[in-house]
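Residue-level structure breakdown
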Amino acid sequence: LLWVVLLRNRTTTSMLAVMLKGNDVLVLVWLAAHPGRWTFRTLGEGMGTDIAVLHRSVGRLKHAKLLDEERQLNRANVEEFLVHAVPYLIPGNLGA
């Protein structure tokens with residue numbers, strides 16, 4: 001049923017296509033911790049992650065305006081995202 005709705009409603013499909021994933025947050029934090037120029041190869045080697053996965057993550061981060069078109073961090077948006085969104089995406093458990 002969900003796929004039928006997605007096929008009929010293109011706006012829903014595009015909204016779902018840009019939802020960030022947990023891996024995207026890891027890529028974002030890694031990029032923030034390692035400023036400067038990077039390639040997908042160096043990013044993959046540094047994170048130990050497949051380049052195809054990283055390419056999709058970077059695309060979602062660009063679409064979310066956390067990276068600009070030159071793949072540089074939008075620091076104001078990244079700070080807002082990390083402070084206000086991440087605690088809800090990855091809630092911590094006290095004493096865990």
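Residues numbered from 1 in each chain as written. Predicted model: local features only at pLDDT ≥ 70, side-chain atom pairs only at ≥ 80, totals over all residues. Heavy atoms only, no water.

1. Digging into helix α4 (residues 40–47)
Quick reminder of the rule: Exposed residues in this analysis have more than 50% of their type's maximum accessible area, buried residues have under 20%, and partly exposed residues fall in between, with area computed by a 1.4 Å probe over protein chains only. A run of DSSP states H or I qualifies as a helix once it reaches four residues; a run of E qualifies as a strand once it reaches two. Both are numbered from the N-terminal end. Starting at the helix axis, one direction is taken to each C-beta atom, and the arc is that of these directions. Whether two residues are in contact is decided by their heavy atoms, any of which lying within 4.5 Å being enough.
Three or more residues of α4 are buried, namely Phe40, Leu43 and Gly44. Within α4, the buried residues cover an arc of 100° as seen down the axis, which keeps them to one side. Facing away from the buried surface of α4 by more than 90 degrees, the exposed residues are Arg41 and Glu45. The elements touched by buried residues of α4 are α3 (22–33) and α5 (51–63). Positive phi appears at glycine 48, one or two residues downstream of α4, with a value of about 70°.

2. Looking at the packing of α4 against α5
Stated precisely, the cut-off is as follows: Axis lines are fitted through C-alpha atoms, for helices just across the contact stretch, and the angle between N-to-C directions can take any value from 0 to 180 degrees. Note on angle classes: values under 35 degrees are labelled roughly parallel, values over 145 roughly antiparallel, values of 65 to 115 roughly perpendicular, and the remainder oblique. Two helices cross in a left-handed way if the nearer one is turned anticlockwise from the farther one by less than a right angle. They cross in a right-handed way if the turn is clockwise. Note that Gly is not counted as nonpolar here; it falls among the polar residues with everything else outside the nonpolar set of Ala, Val, Leu, Ile, Met, Phe, Trp, Tyr, Cys and Pro and the charged set of Asp, Glu, Lys and Arg.
Relative orientation of the contacting elements α4 and α5 amounts to 110°, with a least axis distance of 9 Å. The angle between α4 and α5 places the two elements in the roughly perpendicular class. For the pair α4 and α5, the sense of crossing is right-handed. Listed contacts from α5 to Phe40, Arg41, Leu43, Gly44 and Met47 of α4 are Ile51, Leu54, His55 and Val58. Taken together, the residues of the contact of α4 with α5 sort by class into six nonpolar, two polar and one charged.

3. Looking at the pattern of salt bridges
Oppositely charged side chains can pair when the atoms bearing their charge come close. Note the cut-off: Think of a salt bridge as a Lys or Arg side-chain nitrogen and an Asp or Glu carboxyl oxygen that are within 4 Å of each other.
This model, assessed by the stated rule, comprises two salt bridges. For the salt bridge of aspartate 24 with arginine 60, the shortest nitrogen-to-oxygen distance reads 2.7 Å. Of the two residues, aspartate 24 is situated in helix α3 and arginine 60 in helix α5; the sequence distance between them amounts to 36 residues. When the shortest N-O distance is used, the salt bridge between arginine 41 and glutamate 45 registers 3.4 Å.

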